[in-house]
Amino acid sequence: MKMMNKTYGALMKSPKYYIRLIIEGILIGIASGFVVSLYRYTLSNSENFFFSIMSLIKGDFLLTVIWFILLAVMGVITGILMNMEPISKGSGIPQVMGEIKGYYSTNWWRVLITKFIGGTLGLVAGLPMGREGPSVQLGAMAAKGVSKQIDNSKTDENRSIICGSGAGIAATFNAPISGVLFTIETISKKFDKTIVFVGLIAVVIADLIAKCFFGQNPLFTFPTVNIPLNYYWILIIFGVIMGFAGYIYNTGLIKSSELWSKINLPLEVKFAITFIITGIVGLFIPDVMGGGSKMIYLLQVSIPPLTVLITLLIVKYLLLAFCFGSGTPGGIFYPVFVIGAYIGAIFGVIFVPLFGLNPLITYQLIIIAMASMLASSVKTPITAVVLVTEITGLSTSLVGLVLATLIAYVIPTVLGDKGIYDRILDKLIENHSEIDYDKTKSQLEEYVVPFNCKYIGEKVWDLPLPKSAMVVSIVRNGDTIIPNEDLTLKHTDEVFIILSSETYVEDNKKIEELFSNK
């Protein structure tokens, strides 16, 4: 065991080790970048195809009937695909989180195929789902494929999956920094220098590939002006509103899933119904269909009247909850932005004229609302601020943006909301208690000691670890320390622990609680 510890410490300092990490990051970036860029390109054309179909069948009864038959067929095909690979249902982000925690061990190429085709069919049918959740899962699975080819250990494979998910965010949003932050705040939920190192390389490569496909312009462009400092109090009210909006958004999606789960129908029938009802809504209100690019475009052209804003917001949310609850493959990340943008527009239409402010401030409120809604729903305030900055090119009023975002983040936290992806993952685990995990390998995990951990000052050998877990080394101030009977735990220590794959899920949960702030 001492030999293994010394070998591990030497590897961490070896230049060859970092060369391997660089190569790994490049390969992940290339694989994830190409897969997600291709998916993004396909969905963009699928959404354009849907709106072309809506124009074509308008007023033509026979073509409308044919279209609805096709919708039913696409729903059945999607159901068949999801039955083939159930892990491809829904957003994809909770599933990646579940794999990192040890609840799943997915077949990467089956997920790539079923998620890609299922997500594409959904956008062809006009389902109001986003591309970002599936892009995260596709990026993660592409990275897992790379990891399998280079014969990584289970620990390294998890790192690849985490970095691939960040590359997915980078490629779909053209937002590399947000990709890295997303992996820390949402997927791994801890700071691991190796993950950050590999992740930065992967997101930069993935972002470069995406820019080759889609150019370098920001995803959203809004004319903005600064909000006067003496009106910043409005942002406090606005942040509270967005906090409750995020909580309602999450609760509605979860309740929809619970209602759908009580309907005892084959998945193919559920999806056929979902596709047909979506088609009916599309005949009357086509603007709410697809991921939401049409709705964002309406805001960019000019702010619609208040009644139009409220109607589109309500219909978009209800249809999204309906489709998401059924389990259709598609993301809820982009719709968070869309719904947030419309709440911001409604707030601006009401309050900006009331106080005689510059009408362009409404666009500033739209941008702030997008970040606030994301922070409130997903519980990622840092990612929310940076991502909105990257996708809008916003460089002014950052203080106002952070103020409203932090307030929006606090509200659902006080209400006990864990965040939409954690809530979905809890439901997945509850409904599928079996754990499919590779029990033939051990896994090395890193845990960082927070400043108020109750075990600071305790001897490492006396920590109440699970019997199947063992501390192999501690990195302190850049130095690797092999534990002995006198070594005590300190703030910011990076504790490396070997876990048995057979008991990984339970042991990891116990150790996370041990090193928590509680």
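Residues numbered from 1 in each chain as written. Predicted model: local features only at pLDDT ≥ 70, side-chain atom pairs only at ≥ 80, totals over all residues. Heavy atoms only, no water.

Considering the sheet that holds strand β3 (residues 479-481)
Within a sheet, adjacent strands bond to each other through the backbone by hydrogen bonds, running parallel or antiparallel.
Reasoning step 1: Strand order across the open sheet formed by four strands is β1-β4-β2-β3, with antiparallel pairing between neighbours. This sheet does not close on itself; its edge strands, each paired only once, are β1 (442-448) and β3. The sheet shows a mean angle of 25 degrees between the axes of neighbouring strands, direction not considered.
Reasoning step 2: Bridge analysis of β1 against strand β4 (residues 494-500) gives seven bridges, and the strand direction is antiparallel. By the bridge assignment, serine 442 is partnered in β4 with serine 500. (Pairing = 2+ DSSP bridges. Helix = DSSP H or I, 4+ residues; strand = E, 2+ residues; numbered from the N terminus. Axes fitted to C-alpha atoms, helices over the stretch in contact; angles between N-to-C directions.)

Some thoughts on the packing of aromatic side chains
Reasoning step 1: This model, assessed by the stated rule, comprises 18 aromatic pairs.
Reasoning step 2: Between phenylalanine 182 and phenylalanine 333, the aromatic rings sit 6.0 Å apart at their centres with planes inclined by 65 degrees, giving edge-to-face as the arrangement. Here phenylalanine 333 lies in helix α14 (residues 333-354) and phenylalanine 182 lies in helix α8 (residues 176-188), a separation of 151 residues in the sequence. You'll find phenylalanine 182 and phenylalanine 333 in the same group, each marked buried.
Reasoning step 3: Through a chain of ring-to-ring contacts, the aromatic side chains of Tyr231, Trp233, Phe238, Phe347, Phe351 and Phe355 assemble into a single cluster.
Reasoning step 4: Its guanidinium or amino end placed over the ring of phenylalanine 214, arginine 40 lies 4.0 Å from that ring's centre, counting from NZ or CZ.
Reasoning step 5: Its end group placed over the ring of phenylalanine 51, lysine 294 keeps NZ or CZ at 5.3 Å from the ring centre. (Phe/Tyr/Trp six-rings, centres within 6.5 Å; stacked < 30°, edge-to-face > 60°. Buried < 20%, exposed > 50% of the residue type's maximum accessible area, 1.4 Å probe, protein only. Lys NZ or Arg CZ within 6 Å of the ring centre and 35° of its normal.)

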